[in-house]
Amino acid sequence: MNETINWDEVIKKEARGLDDYDLGEVEELNDEFVITKKGVVDKDRFYLPKSKAIKFDGDKLWLEVSKDEAKAYKHNPTIDWDKVIKKEARGLDDYDLGEVDELNDEFVITKKGVVDKDRFYLPRSKAIRFDGDKLWLEVSKDEAKAYKHD
């Protein structure tokens, strides 16, 4: 990691990978990760290790990450997936997505309702955070309909 990067200045700046690959805009930072958001409609979030940062030129934060490598960082490594089963799932605007029923490599599967249970197959990549009680997903009420299965 380049110690000369002033981390206070990178928020809201562009993040670029190798070959000028667009990694979106730096949204937030924590001790380990540079968290970026890319896209207008289908927003991707990247959780990029700070150790991959090469330089900050005042406009762009450059990271040693290829386009193919970036796919591996499109998830939230801070979520303890072992603890989300039987916890509430919430979407944007606190939309109720039910209770986490099961997980697989691709989806968080939730059940909502008492009698007529709705099942949602929500992409794990949509998970934003887990606060110990609720799993928060970047899914709107309208979007949730597309993930509903009978």
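All values derive from a computational prediction rather than experimental measurement. (Residues numbered from 1 in each chain as written. Predicted model: local features only at pLDDT ≥ 70, side-chain atom pairs only at ≥ 80, totals over all residues. Heavy atoms only, no water.)

Draft legend 1. Representation of the side chain of Lys126 within the structure. With respect to the helices, strands and loops of the structure, Lys126 is situated in the loop between strand S10 (118-123) and strand S11 (127-130). When sequence neighbours within four positions are dropped, the list of residues in contact with Lys126 reads Trp136, Leu137, Glu138, Val139, Glu143 and Tyr147. (Helix = DSSP H or I, 4+ residues; strand = E, 2+ residues; numbered from the N terminus. Contact = heavy atoms within 4.5 Å.)

Draft legend 2. Structural detail: the sheet that holds S11. Read from one edge to the other, the open sheet built from 7 strands follows the order S11-S12-S7-S8-S9-S10-S13, with strand pairing classed as mixed. The open sheet terminates on both sides in strands that have one partner only, identified here as S11 and strand S13 (148-149). (Pairing = 2+ DSSP bridges.)

Draft legend 3. Broad picture of the pairing of S11. Examined bridge by bridge, S11 and strand S12 (residues 134-137) share 3 bridges and lie antiparallel to one another. Following the sheet pairing, Phe130 is matched in S12 by Leu135.

Draft legend 4. Quick look at the pattern of salt bridges. For the coordinates displayed, the defined rule picks out 18 salt bridges. For Glu14, the salt bridge goes to Arg16, with nearest N and O atoms at 2.7 Å. Judged by its relative accessible area of 14%, Arg16 falls in the buried class. Look at the salt bridges and you will find they share partners, linking Lys86, Asp101, Glu102, Lys111 and Arg119 into a network. (Salt bridge = Lys/Arg side-chain N within 4 Å of Asp/Glu carboxyl O. Buried < 20%, exposed > 50% of the residue type's maximum accessible area, 1.4 Å probe, protein only.)

Draft legend 5. The arrangement of the confidence of the model for the protein in detail. For the protein, the average pLDDT comes to 88, and 95% of its residues sit at 70 or higher. Ranking the elements of the protein by mean pLDDT puts helix H1 (residues 67-72) last, at 81, and strand S1 (residues 14-16) first, at 97. (pLDDT = per-residue confidence, 0-100.)

Draft legend 6. Here's a closer look at the sheet that holds strand S2 (residues 22-29). Taken in spatial order, the 6 strands line up as S4-S3-S2-S1-S6-S5 in an open sheet, and their pairing is mixed. Only two strands of the sheet have a single neighbouring strand rather than two, namely strand S4 (44-49) and strand S5 (53-56). Taking the axes of each pair of neighbouring strands and ignoring which way they run, one obtains an average angle of 35° across the sheet. (Axes fitted to C-alpha atoms, helices over the stretch in contact; angles between N-to-C directions.)

Draft legend 7. Spatial organisation of the environment of Arg129. Here Arg129 lies in strand S11. Remark: the alpha-carbon pair of Arg129 and Lys38, spanning 91 residues in sequence, is separated by 17 Å.

Draft legend 8. View of the packing of aromatic side chains. Under the definition given, this model contains 1 aromatic pair. A ring pair is formed by Phe107 and Tyr121, whose centres lie 6.1 Å apart and whose planes are at 80°; its orientation type is edge-to-face. Residue Phe107 is found in strand S9 (residues 107-112), and its partner Tyr121 is found in strand S10; the two are separated by 14 residues along the sequence. We note Lys50 situated over the ring of Trp7; from NZ or CZ to the ring centre the distance is 4.8 Å. If you follow Arg124 out to its NZ or CZ, it ends over the ring of Trp81, 4.2 Å from the centre. (Phe/Tyr/Trp six-rings, centres within 6.5 Å; stacked < 30°, edge-to-face > 60°. Lys NZ or Arg CZ within 6 Å of the ring centre and 35° of its normal.)

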